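Residues per chain, in single letters:
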Amino acid sequence: MEASFSGTGRLPAAFLTPGSSSFLDFLAAHQPELLPGRRNLPAGVQPLEAPHGTTIVAATFDGGVLLAGDRRATMGNIIAQRDIEKVFPADEYSAVGIAGTAGLAVEMVRLFQLELEHYEKIEGTSLSLEGKANRLTTMIRGNLGMAMQGLAVVPMFAGYDLELGRGRIFTYDVTGGRSEETGFAATGSGSLFAKGSLKKLYRSDLTAESAATVVIQALYDAADDDSATGGPDLTRRIFPIVSVITEEGFRRLGDAEVGELAEAVLGHRLEQPDGPQAPML
Amino acid sequence: MSTPFYVSPQQAMADRAEYARKGIARGRSVVVLTYADGIVFVAENTSRALHKVSEIYDRIAFAAVGRYNEFENLRIGGVRYADLRGYSYDRADVNARGLANVYAQTLGTIFSSTGEKPYEVELIVAEVGKNPGDDQIYRLTPDGSVVDEHGSVAVGGNAESIANYLDQRHEEGLTLPEALKLAVDSLARDPNGGTARTMTPDQLEVAVLDRGRWQQRKFKRLLGTQLARLLEGDASAATDDDATPPAADGAPEGE
C-alpha cells in the first residue's frame, strides 16, 4: 500500500475525494487489485482443489434470528479443517454465514464487515438491513468470474431489522440473486437435508433456545447424509457455531452452551437415530 | 513587460500561516483530555449533524476545528487510510502515529504549495492505549507540524488561554465526570476575565475513547441523558451496559 503513496507521503487524491461512503467503491477506484473478485484467472484451467465450506442454516424466532454453521471444510474427499468458522458478525445487528470456497469467502466476509463499518464511520449512521443485504449482492456479483471457474461463494445473511422489529434472513445464489426467506433457510452442500429437517421441526412460536436446538438438529441431519458436513465432535469438543441476533445485538453462543444443546440432541439420537418424528397428519 | 513583485519566502510563509490562523481562530474550541479509563473529547458544537469529533478506527479518534469542508475531507481520508491499512495488514497495525504522519505530510504539502490555499484547520488525532501510559495525543497545525501532547490539549478560538487553564488543573487519573467538568469549565470561561457562560448538554459534542469497552471499537459518543448525568457529576453514568459483553465468551470474533 505504501508504494501507492506519492513521493511526498501525502494522502493521494483518491483519499480526499468526497462522495462515496463505500469502501468497496474506494478500493475499486484506488487499488482494484485488492478486491477479491478482480483477480484474473488463466482461462480454461480445470477447477482448483481448494477447501470448501459447507452447510449454513438460519431460523427466525420471536424477537430475533439465529444463524448457525457446521465446522467442516472439505477438499475433495479430504477433510481440510474440522474447526473452521463460517458464521461471522457482519456488524452489531447482523451476521453472515458462508458456504463455498473457504479462502475467498472469508476474505469476502472481511471486506463486507469493513464495508459496513466504513459506511457507519463516514456517514455517522448504519445502513438499513436491506441496504446491507444489497451490498452483499454487489460483492457476490463481483465474484462471478471466479464462480464460473469453480470458485463460488454463496453466503447467507441474517439480521435484526430495527425498523420492523424482527429477525430477517436473506439467501443468495452465485450470480448475486437475493431472496428473503420466511422462517428458515439453509445453504451449502448439506442444505437439502438441513432444509428437510427444518421444515419438519420449525414452528413460528420458537424461543431463542428452542430455535437453537432446531438448528442443531438440522445440522445433525445434514451431517448424517452429507459427507462434507461435520456433526458435533464430542471427542474434540468441536460444536457448531450458533449466533443469535436480537434487539440487543449480535451474540455468539459460548461453546459450553452449544455443547450442552448438542449433547441433548445426541442423547435423543441414541434412542432415535433419525431424530424427532413429526406427526403424520 | 511587468516584473512581478519580489516577496521573500519568509514573508510568503508568514502570510500563509497568518491566513490559516485567522480562519481557525474564528471557530469555537475543542478540548481533549486523558482520564483514568481513556480519552475524552469535548467540543462546543450545537449541530447534531456536523461533527467535530469522530471515530477513525478501533482505538483512534479525530477532532478538528476550522473550515468544515476541509477537515471533513481530511477525516474521510483518514478513515479510508486506516481501513485500507487494516484490511491490507491487520487491525493491530493501524496506529495514531502513522495517521498523524500522513496528515502532517498532507497538510505540509498543501501549505507550501503555491498553487493551493493553505487549509484553515487544526486537528487532533488521539489513540487510547491498553494502559494510561500508552495513550497518545497528536496536534496538527495547518503548516504540517505535529505536536506530541500529554494530558490535555485545546484547539480553536481561545486555544491558548484554554490550554493554560487546562495545564494548571489537569492531572493523571481523573474520573470521567471530573475530566468532563474540567473540560466544560475551560470552554465556558471568559478569556477576558468576565463571568463564565453556562453550558447545557445541547451545546456540547462529547465522545470518549474508553479502554474499558469490551468491543473492539473503543469510540463512543456520549449523548442525551447519559451526558446530562455525567455533567452533573454522576459517576455511575460512566459505566453503562457496554462494560461487559452480553455473554461470558460472546465477544464477536472473526475480524
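Basis of the calculations
Residues numbered from 1 in each chain as written. Chains lettered and ligands numbered in written order. Predicted model: local features only at pLDDT ≥ 70, side-chain atom pairs only at ≥ 80, totals over all residues. Heavy atoms only, no water. UniProt positions renumbered as here; feature names shortened; annotations may be inferred. Core = buried A, V, L, I, M, F, W, Y, C linked by side-chain atoms within 4.5 Å. Buried < 20%, exposed > 50% of the residue type's maximum accessible area, 1.4 Å probe, protein only. Contact = heavy atoms within 4.5 Å. Helix = DSSP H or I, 4+ residues; strand = E, 2+ residues; numbered from the N terminus. Expected span 1.5 Å × (residues − 1). Salt bridge = Lys/Arg side-chain N within 4 Å of Asp/Glu carboxyl O. Polar contact = N/O pair within 3.5 Å; in protein donor to acceptor, adjacent residues only side chain to side chain. Buried area = accessible area lost by both parts, 1.4 Å probe. Nonpolar A, V, L, I, M, F, W, Y, C, P; charged D, E, K, R; others polar. Pairing = 2+ DSSP bridges. Axes fitted to C-alpha atoms, helices over the stretch in contact; angles between N-to-C directions.

Per an unreviewed UniProt entry, chain B goes by the name Proteasome subunit alpha and belongs to Streptacidiphilus jiangxiensis. Entered under Function (unreviewed entry) in the UniProt record, the comment concerning chain B runs "Component of the proteasome core, a large protease complex with broad specificity involved in protein degradation."

If you check an unreviewed UniProt entry, chain A appears there as Proteasome subunit beta from Streptacidiphilus jiangxiensis. Recorded in UniProt under Subcellular location (unreviewed entry), the annotation for chain A is "Cytoplasm".

Draft legend 1. Quick peek at the nonpolar core. Among the nonpolar cores identified, the biggest contains 60 residues, and Phe157 of chain A together with Ile56, Tyr103 and Leu123 of chain B are the most heavily contacted of them. Aside from chain neighbours lying at most four places away, what touches Ile56 of chain B is Lys121 of chain A together with Ala61, Phe62, Arg75, Gly78, Val79, Ala82, Leu99 and Tyr103 of chain B. Grouped together as the second largest cluster of nonpolar side chains are 28 residues, Ala211, Leu219, Val242 and Val258 of chain A included.

Draft legend 2. Main features of helix 3 (residues 102-123) of chain A. All names here are of chain A. Helix length check: helix 3 (22 residues) gives 31 Å between terminal C-alpha atoms against 32 Å at 1.5 Å per residue, within 8%. The element helix 3 is extensively covered by neighbouring structure, given that 16 of its 22 residues are classed as buried. Positive backbone phi, approximately 75°, marks Gly124, located one or two places after helix 3.

Draft legend 3. Spotlight on the pattern of salt bridges. Taken as a whole and judged by the stated rule, the model has 35 salt bridges over all chains. Measuring nitrogen to oxygen at the nearest pair gives 3.9 Å for the salt bridge that ties Arg135 of chain A to Asp25 of chain A. On the criterion of sequence distance, the pair formed by Arg135 of chain A in helix 4 (residues 129-142) and Asp25 of chain A in helix 2 (residues 23-30) is long-range, its members being 110 residues apart. Put simply, Arg168 of chain A and Glu180 of chain A hold a salt bridge, and the shortest N to O gap is 2.8 Å. Of this pair, Arg168 of chain A sits in strand 9 (residues 166-172) while Glu180 of chain A is found in strand 10 (residues 178-181), placing the two residues twelve residues apart along the sequence. Take Glu180 of chain A: its relative accessible area is 36%, and that puts it in the partly exposed class. Sharing partners across several salt bridges, the network here consists of Glu117 and Lys121 of chain A together with Asp58, Asp83 and Arg91 of chain B.

Draft legend 4. Structural detail: the side chain of Thr60 of chain A. Residues and elements named next belong to chain A. With respect to the element layout, Thr60 can be found in strand 2 (residues 56-61). Polar side-chain contacts of Thr60 include one of 2.9 Å to the side chain of Tyr202. Excluding anything up to four places from it in sequence, Thr60 contacts Val65, Gly167, Ile169, Gly183 and Tyr202.

Draft legend 5. Quick look at the interface of chain B and chain A. In this assembly, 36 residues from chain B lie in contact with 38 residues from chain A. The largest share of the area that chain B buries against chain A comes from Arg80, Leu84 and Tyr87 of chain B, three residues that together contribute 26% of it. In this assembly, chain B and chain A are joined by four salt bridges. A salt bridge links Glu117 of chain A to Arg91 of chain B, with the shortest nitrogen-to-oxygen separation between them at 2.9 Å. Joining chain B to chain A, the criterion identifies 15 residue pairs in polar contact (both at pLDDT 80 or more). Among the elements of the structure, strand 3 (53-57), helix 2 (68-88) and helix 3 (96-112) of chain B are those that each provide at least two residues to the side of chain B that touches chain A. For the side of chain B that touches chain A, the element with the most residues is helix 2 of chain B, which contributes 14 residues. Tallied by class, residues from the side of chain B that touches chain A come to 15 nonpolar, nine polar and twelve charged.

Draft legend 6. The arrangement of the environment of His30 of chain A in detail. Residues and elements named next belong to chain A. Take His30: it is sitting in helix 2. The buried category is assigned to His30, whose relative accessible area is 16%. Along the chain, His30 and Leu253 lie 223 residues apart, while their C-alpha atoms are 39 Å from each other.

Draft legend 7. Highlighting the sheet that holds strand 9 (residues 204-210) of chain B. All names here are of chain B. Spatially, the five strands line up as an open sheet ordered 8-1-2-9-10, and their pairing is antiparallel. Strands at the two margins of the open sheet, each flanked by one partner only, are strand 8 (152-155) and strand 10 (219-222). Taken pair by pair, the neighbouring strands of this sheet meet at an average axis angle of 20°, ignoring direction. In terms of strand pairing, strand 1 (residues 30-35) meets strand 8 through four bridges, oriented antiparallel. Note on strand 8: the bridge partner recorded for Val32 is Val153. Of the strands in this sheet, strand 1 and strand 8 are in contact with helix 4 (residues 159-169), which crosses strand 8 at around 165°. The strands that helix 5 (residues 176-188) touches are strand 1, strand 2 (38-44), strand 9 and strand 10; relative to strand 2, the one it contacts most, it runs at about 30°.

Draft legend 8. Examining the UniProt feature "active site" (unreviewed entry) in chain A more closely. All names here are of chain A. Per the UniProt record, the feature "active site" (unreviewed entry) sits at Thr54. Here Thr54 is to be found in the loop between strand 1 (52-53) and strand 2. Filtering out sequence-adjacent residues up to four positions away, Thr54 remains in contact with Asp70, Arg72, Thr74, Lys86, Ala99, Thr187, Gly188, Ser189, Ala228 and Thr229. At 3.2 Å, the side chain of Thr54 and the side chain of Asp70 are in polar contact.

Draft legend 9. Just the pairing of strand 9 of chain B, in detail. Residue and element names in this part refer to chain B. Burial runs high along strand 9: seven of the seven residues are buried. Summarising the sheet, strand 2 and strand 9 pair through seven bridges and their orientation is antiparallel. If you follow Ala43 over to strand 9, its bridge partner there is Glu205.

Draft legend 10. Geometry of helix 5 of chain B. All names here are of chain B. Taking 1.5 Å per residue as the helical rise, helix 5 with its 13 residues ought to reach 18 Å, and the 18 Å between its terminal C-alpha atoms agrees with that figure. Taken across its 13 residues, helix 5 has ten buried, putting it largely inside the fold. Every buried residue belonging to helix 5 is among Leu176, Pro177, Ala179, Leu180, Leu182, Ala183, Val184, Ser186, Leu187 and Ala188, and all of these are buried. As for helix 5, its buried residues are in contact with strand 1, strand 2, helix 4, strand 9, strand 10 and helix 6 (224-231).

Draft legend 11. Seen up close, the environment of Gln149 of chain A. Topologically, Gln149 of chain A is positioned in the loop between helix 5 (144-148) and strand 8 (153-161). In this structure the C-alpha to C-alpha distance between Gln149 of chain A and Leu48 of chain A, which are 101 residues apart in sequence, comes to 8.2 Å.

Draft legend 12. Just the sheet that holds strand 7 (residues 146-149) of chain B, in detail. All names here are of chain B. Strand order in the open sheet formed by five strands is 3-4-5-6-7, and the pairing between neighbours is antiparallel. Across the chains shown, the open sheet's two edge strands, defined by having one partner strand only, are strand 3 and strand 7. With strand direction ignored, the average angle separating the axes of adjacent strands in the sheet is 25°. In the sheet, strand 5 (residues 121-127) pairs with strand 6 (residues 136-140) via five bridges, with the strands oriented antiparallel. Along strand 6, the bridge assignment pairs Leu123 with Leu140. Lying over the sheet, helix 2 contacts strand 3, strand 4 (60-66) and strand 5, oriented at roughly 20° with respect to strand 3. Against the sheet, helix 3 makes contact with strand 3, strand 4, strand 5, strand 6 and strand 7, and its axis sits at roughly 5° relative to strand 6, the strand it touches most.

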